[in-house]
Amino acid sequence: MDISVVTQYIRPELMVAVVILYCIGMALKKSSYIRDNLIPIILGLVSISICAIYVLSVSEKPGNYQEVLALIFNIIVQGICCAAAAVYFNQIGKQTKKMISEDSKEE
């Protein structure tokens, strides 16, 4: 999987949210108060909040309930995709470090 797959589903303007979420995730990981299994949930909620602010700020006032539902759907999907991308990039880093350390042990 390469970066083009991520950019197909996440609005380009929201790619900065992925970086912010990655940094928040790293800070949460270093915190002794937050369990590791809660970090993706926290990132998801923060991401949906960030995406809600963005989507609502650039959208026209919805005219009917279908447009309201479309906005809500867009907010949730973009939020989940941004959080997933942040976790994905974190895991790529971890797996790369793991692979490099295993290769150095074999030599």
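Residues numbered from 1 in each chain as written. Predicted model: local features only at pLDDT ≥ 70, side-chain atom pairs only at ≥ 80, totals over all residues. Heavy atoms only, no water.

**Details of the nonpolar core**
Piece 1. The biggest cluster of nonpolar side chains holds 13 residues, and the ones touching the most others in it are Ile10, Leu14, Val18, Leu21, Leu43 and Cys82.
Piece 2. Among the secondary structure elements, those contributing two or more residues to this core are helix H2 (15-30), helix H3 (39-58) and helix H4 (65-106).
Piece 3. What leucine 43 contacts, discounting residues up to four positions off in sequence, is Leu21, Ile24, Gly25, Ala83 and Val87. (Core = buried A, V, L, I, M, F, W, Y, C linked by side-chain atoms within 4.5 Å. Buried < 20%, exposed > 50% of the residue type's maximum accessible area, 1.4 Å probe, protein only. Helix = DSSP H or I, 4+ residues; strand = E, 2+ residues; numbered from the N terminus. Contact = heavy atoms within 4.5 Å.)

**Considerations on the layout of surface pockets**
Piece 1. Space inside the largest pocket adds up to approximately 200 Å³.
Piece 2. Taken together, 13 residues make up the lining of the largest pocket; nearest its centre are Ile39, Val87, Asn90, Gln91 and Lys94.
Piece 3. Elements supplying a minimum of two residues to the lining of the largest pocket: H2, H3 and H4.
Piece 4. The biggest single contributor to the lining of the largest pocket is H4, with five residues.
Piece 5. Split by residue class, the lining of the largest pocket holds seven nonpolar, three polar and three charged. (1 Å grid on protein atoms, 1.4 Å probe; cavity = no way out; pocket = protein on both sides within 12 Å on 5 of 7 lines; lining within 4 Å. Points joined across faces, edges and corners; volume = space filled by probe spheres on them. Nonpolar A, V, L, I, M, F, W, Y, C, P; charged D, E, K, R; others polar.)

**Focus: the state of the cysteines**
Piece 1. Under the counting rule described, the total for this entry stands at zero disulfides.
Piece 2. Here cysteine 23 is not cross-linked by a disulfide; its sulfur's nearest cysteine counterpart is in cysteine 82, at 14 Å.
Piece 3. Cysteine 82 carries a free sulfur, and the closest cysteine sulfur to it, the one in cysteine 51, is 4.1 Å from it.
Piece 4. Judged by its relative accessible area of 0%, cysteine 82 is buried. (Disulfide = S-S within 2.5 Å.)

**Thoughts on H2**
Piece 1. A rise of 1.5 Å per residue sets the reference length of H2, with its 16 residues, at 22 Å; its end C-alpha atoms lie 23 Å apart and thus fit the reference within 8%.
Piece 2. Among the residues making up H2, those that are buried are Ala17, Val18, Leu21, Gly25 and Leu28. Buried positions in H2, seen along its axis, are confined to an arc of 100 degrees and lie on one side of it. Across H2 from its buried face, at more than 90 degrees, point the exposed residues Val16, Val19 and Lys30. (Expected span 1.5 Å × (residues − 1). Arc of directions from axis to C-beta.)

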